[in-house]
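A look at the structure
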Amino acid sequence: MEFPIFQMPYLGNGMTIALDAVLHVVISHGLAIGAVSMVVVGEYLGQRRASEDWECFARDFLHLIVVLTTSIGAVTGVGIWLITSALAPRGIGSLLRVFFWPWFIEWAVFTAEVVIVLLYYYTWKSWTGERKKPHLRLGLGYVAAALCSALLITGILSFMLTPDGWPWNKSLWSGFFNPSYLPQFILRLGMAYFLGTLFSVTYLVFTRRDGNFRKEALAFFSKLALFSLAVTFLSTIWYFMVVPSAFKTHSLYAVMTSRFSQQPELFWTITIGSALFLLLFWLAALRRSVLSVRILVIPAIIVTILFVTQFERVREFIRGPYLMPGYMYSNQVLLEEEPLFAKEGMLPNSYWYNATTEPDNPVSRGAFLFALNCSACHTIGGINNIMNRVRGRTADGLYVILGHTQDMVPFMPPFSGTDQERRTMADFLFHLANGTIKIGVPSRFTPLNGGPEHE
Amino acid sequence: MNSLFDLLLQKPLPGPWLQGLLFVSFTLHLLFVLFTLGTAILAFSYLLIGHWDGKPWGLRLAGRIANAFRSHKSLAVVLGVAPLLLIQIAYTIPFFNGINLFAPYWLAIIILLITAFLAFDLLVHHLDSHRLVQVMLGITGLFTLLAVPGIFVLILTVSEHPAGWTTIIEQGYRLNGALALHWLFRYLHVLGAAVMFGAAFHYFFAAEDRKERRSLLRLLVAAILLQIILGLLLYASLPDKPEITANLFLFAGVAGGTLFLWYLFTLTGKGESLLSLELTVFAMMFILVSMLLGRQLIQNRTYLPLTAALQGKTLAHKKKTNVFARKSLDRYQARLNIVYDNGATIYANSCAFCHGELADGNGPEAKNMEVRPENLGAVRTTASYLHKILIEGIPGSAMPYFTFLDRNKLDSLAEYLNTNHQLIGNPEPVPVTVSTANLKQAKQIYAQTCSQCHGADGRGTEQSRSYLPPPPDFTAYSLTPRQMFDVISNGYHNTLMPGFGTLPEGVRWGLVKIIFTKRDSGGKK
């Protein structure tokens, strides 16, 4: 590998990306697409019904949205890229090349989005009367640009789950317009408008005073929300129909993790219960009950964010052993490299191992093999702690398991390395779990001391 | 091309195009970065002047300057997408290594930017709040914001100096002397440029009267002078002296700056007349572009040969892996067809390599283990005990825990095992008749010897439960009579369980019988 090892201590790589990405999805879908669409609709209704209330609601709400999207939304979006650049350079470097043109076009679209939304925002008070119509068109133009953005990004995200014929033909088109592309796009749209209406009613019930307007707007948003809920539900079914069964079968585990994997009924109870709660929330809103919305809207937002988290977690988890299915394993080893490393060794092929570690130290070798093979998912002492995963196993047992990771655990990549390297890493893990090896700098896996028989 | 496919070898555009696009998009991005930084620095400075220097116009100017912040920062962020994409493609390895070597700082950019942006947004909308609140928001916003170009400069500096990479790894996220000094001047040079561009921008778009314009003009002059000094220091701190073309561009930039400065002096001499917008834009873009061209050439001196050398190495590596390409794709296709949703598939993939296809404990890996895998065909246990083993594993053996398969999957595995090997249920009756005397002796031996580890009730003792591996719980787990007899006679290989082959055969069968009774007794003595 041409890149040194870096891992986010304690959190691990997956959780670091997840924390940033979920925040981004909530803002980019919920505010940048969903809520701004509601603002444009609000402005339109203000014109159509000659309603000062709708006009002011839309204008004030837009202010909050612009503050949040241009600071948190934009930064967390680029943030996903910044994080992967540090944690999975080979993965992101490869994805950038497959999707060079969509990515480049996204730059133009993203810039257009920002320019239009700023214009829309700053011209609200000055473009009045005759110019109200072009102002509304500006809003529509923004929504169109935001949807283009979503169309481009979804291509890349869905590729990482269902690359279709790409591993064989390496064609951008078959990678981009892959089987899960359309269902995922519609699902994201459903999510966006569901969140958008949710944020809109939150702003409505906590900032507007006029009772009649509140009730009118509440009923309006509820209808839209119930429609988005139906779209989300149906597209989720469609989405899961096109995901390969070999991946799909791990969905439940993806959500429940080792801790709760033996209580599948818990998953169904919580999922169905939460969905029913959201349905009831909107039915109450449809009946124009401002009080129940005020009490329940924050829990409803939390539940929705949990659903978003669940969806993204499943999508990221079930493709399991692959970062790019058919091309690269999740530990950034290429599928076709694994047999080479089994023959020649992983360490002789690692520039950074040879440049930074003292040769012939089995502990450094074991630590480096762990870093190269496992650190994409496992930490030492943090989330998905490898010490808990291997505790209790014998060294020979670990050696055996390392040779069959991809068989035994279907979402793990195979161990890459020679038989001797497999033995070295098994010993390293054994001593690590038994406390005879300690790690010094966790982000780079520098061992502090060696196990007794390694001296 | 398909026969040699490694994505890191691919350039989606020819080299010159890639570099040209990178240069243009980076210049555009940097321009708005400078506006953003300059806006923040100036707004905060005028805020301080307004509050503590008793100059109310400073506050008004600060407010107008700060108003531009939102647009500048938004554009700076989005315009950064293209250069980030292009530099990661054009100089993949040096750039990613630069990021990696200072990854914690790089990741901090996200939090720094969000904090800075929110602080400034709050400041702009609370210009009527208490001055201490304003200053706190300003300080928070400014310091977090100014850290970001420091980090970008750091990453670029490191990526341009591969000779220092291993030292940085060893020192743990620290720059050494010469590079640190170079970084410092480079960073200050960016901040100086920010004041220069910010002052020029707000001279035209925020200042409303002569006093404000004069103040900004003075700042512009000071910033250019400072830039010349900082530029010279930066030039002196370059580890290798640039080649002639780079020097020419840098010289053009300095010359442009000096001429512009002279023009500014003549203007202040005349006192009244306004700075010309066209001339200012032209002069400043001329300075920016020639300086950036010089910078690009200096950068290319390390980037290009390094990238070419690595390209060669990657190609050689790719040729070696290429022979496995077709086979690994076939394997990928095959794996997509394996669905772990039924006991048979799970057993064949997750269990058989140890326990064997016939479940007799003779899988291909069995020979590599001291504690051999169990012969599953001989196990007679309960559904809940089997589940317990599956979710806890057996400490002190290779048997791991299988909680990575959800309950439904483990149930289907248990069902599969039971259908094929009658795993769940009581053991068959002992096939020989055991005399009362033998049984009596066996009872005595169990009470005196066996119970030390297995416990009088067959559940094991407090101490033995911590053995690696611990003895099984006889109230829920047995083997077939023959297998049990063999273990008593020969011991359980490589565990604490010794063989009792010296006992008379009848007594050993008696022990089997006694152990089996633990299953029915439910643990009663």
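Predicted model, so just to flag it, every value in this text is computed and none were measured. (Residues numbered from 1 in each chain as written. Chains lettered and ligands numbered in written order. Predicted model: local features only at pLDDT ≥ 70, side-chain atom pairs only at ≥ 80, totals over all residues. Heavy atoms only, no water.)

1. Quick word on the overall build of chain B
Along chain B, the regular secondary structure elements total 19 helices and two strands. Against the globule reference of 24 Å for 525 residues, chain B gives a C-alpha radius of gyration of 39 Å, more extended than a compact globule. Within chain B, residue pairs in contact and separated by at least 24 positions form 71% of the contacts whose partners lie at least 6 positions apart. Total accessible area on chain B stands at roughly 23,600 Å², and carbon and sulfur atoms take up 65% of it. Seen as two clouds, the 43 positive and the 31 negative side-chain charges of chain B have centres 5 Å apart. (Helix = DSSP H or I, 4+ residues; strand = E, 2+ residues; numbered from the N terminus. Rg over C-alpha atoms; globule rule 2.2 N^0.38 Å. Contact = heavy atoms within 4.5 Å. Areas by Shrake-Rupley, 256 points an atom, 1.4 Å probe, with all protein chains shown as cover. Lys, Arg positive; Asp, Glu negative; His and termini not counted. Charge placed at Lys NZ, Arg CZ, Asp CG, Glu CD.)

2. A closer look at the packing of aromatic side chains
Aromatic ring pairs: the centre-centre distance and the angle between the two ring planes describe each pair. Scanning all chains against the criterion turns up 64 aromatic pairs over all chains. Ring geometry for A:Trp168 versus B:Tyr332: centroids 5.8 Å apart, planes at 40 degrees, classification tilted. In this pair, A:Trp168 is assigned in helix 6 (residues 166–169) and B:Tyr332 in helix 13 (residues 325–336), connecting two distinct chains. Of the aromatic side chains, those joined through ring pairs into one cluster are A:Phe99, A:Phe159, A:Trp166, A:Trp173, A:Phe176, A:Phe177, A:Tyr181 and A:Tyr327. Lying over the aromatic face of A:Tyr399, A:Arg422 brings its terminal NZ or CZ to 3.9 Å of the ring centre. (Phe/Tyr/Trp six-rings, centres within 6.5 Å; stacked < 30°, edge-to-face > 60°. Lys NZ or Arg CZ within 6 Å of the ring centre and 35° of its normal.)

3. Section: the confidence of the model for chain B
The predicted coordinates ought not to be read in detail in places where the model reports low pLDDT. All names here are of chain B. Looking at chain B, pLDDT values average 93 and 97% of them are 70 or higher. Of all helices and strands in chain B, the one with the weakest mean pLDDT is helix 8 (residues 165–171) (87), whereas helix 14 (residues 343–355) scores best (97). Reported confidences for the modelled complex are a pTM of 0.94 and an ipTM of 0.95. (pLDDT = per-residue confidence, 0-100.)

4. Thoughts on unusual backbone geometry
Geometrically, the link from B:Leu468 to B:Pro469 is a cis peptide bond, its omega value of -10 degrees lying close to zero. Looking at the element boundaries, B:Pro469 is found in the loop between helix 17 (436–454) and strand 2 (477–479). Phi at A:Thr257 takes a positive value of approximately 55 degrees, unusual for a residue other than glycine. Mapped onto the fold, A:Thr257 is located in helix 11 (residues 251–260). In this structure A:Thr257 comes out as partly exposed when scored by relative accessible area, which is 31%. If you check the backbone angles, A:Gln332 has positive phi at about 70 degrees while not being a glycine. Relative to the helices and strands, A:Gln332 is located in the loop between strand 2 (328–329) and helix 14 (338–344). (Buried < 20%, exposed > 50% of the residue type's maximum accessible area, 1.4 Å probe, protein only.)

5. Section: the nonpolar core
Residues A:Met324, A:Leu429, B:Trp106 and B:Leu220 are the most contacted members of the largest nonpolar core, which totals 311 residues. No other element matches helix 1 (residues 15–52) of chain B, which puts 18 residues into this core. (Core = buried A, V, L, I, M, F, W, Y, C linked by side-chain atoms within 4.5 Å.)

6. What about the interface of chain A and chain B?
Listed per partner, the contact involves 102 residues of chain A and 99 residues of chain B. When the area that chain A buries against chain B is broken down by residue, the three leading residues are A:Arg97, A:Gln262 and A:Glu336, summing to 10%. The tally of links from chain A across to chain B stands at five salt bridges. A salt bridge links B:Lys318 to A:Glu336, with the shortest nitrogen-to-oxygen separation between them at 2.3 Å. For the pair chain A and chain B, the interface holds 40 residue pairs in polar contact (both at pLDDT 80 or more). Considering every element that reaches the side of chain A that touches chain B, the biggest residue donor is helix 2 (residues 52–87) of chain A, with 16 residues. Per-class residue counts for the side of chain A that touches chain B are 60 nonpolar, 26 polar and 16 charged. (Buried area = accessible area lost by both parts, 1.4 Å probe. Salt bridge = Lys/Arg side-chain N within 4 Å of Asp/Glu carboxyl O. Polar contact = N/O pair within 3.5 Å; in protein donor to acceptor, adjacent residues only side chain to side chain. Nonpolar A, V, L, I, M, F, W, Y, C, P; charged D, E, K, R; others polar.)

7. Brief notes about the side chain of A:Gln406
In this structure, A:Gln406 sits in helix 19 (residues 405–408). With near-sequence residues (within four places) excluded, A:Gln406 lies in contact with A:Met412, A:Pro413, A:Pro414, B:Arg331, B:Arg335 and B:Tyr340.

8. A few points about the confidence of the model for chain A
Here chain A averages 94 in pLDDT, while 98% of its residues score no lower than 70. Note that pLDDT drops below 50 for residues 450–455 of chain A; the model gives that stretch 15 contacts with residues more than four away or on any other chain.

9. Points about the side chain of A:Thr271
Residues and elements named next belong to chain A. As for its position among the elements, threonine 271 is in helix 12 (residues 264–286). Threonine 271 sits in the buried class, given a relative accessible area of 17%. Those residues in contact with threonine 271 that sit more than four places away from it in its chain are Phe307 and Gln310.

10. Re the state of the cysteines
Residue and element names in this part refer to chain A. Per the stated rule, a full pass over the model turns up zero disulfides over all chains. No disulfide involves cysteine 377; its nearest neighbouring cysteine sulfur is the one of cysteine 374, lying 8.9 Å away. For cysteine 377, a relative accessible area of 43% gives the class partly exposed. (Disulfide = S-S within 2.5 Å.)

11. Looking at a nonpolar patch on the surface
All names here are of chain A. A grouping of Trp268, Ile272, Leu276, Leu279, Leu280, Leu283 and Leu286 is seen on the molecular surface, where their side chains present a nonpolar patch of about 640 Å² in accessible area. Among the secondary structure elements, leucine 280 is positioned in helix 12. Note on leucine 280: relative accessible area 56%, which makes it exposed. (Patch = residues over 30% accessible without salt bridge, like charges linked within 9 Å, V, L, I, M, F, W, Y side chains within 5 Å.)

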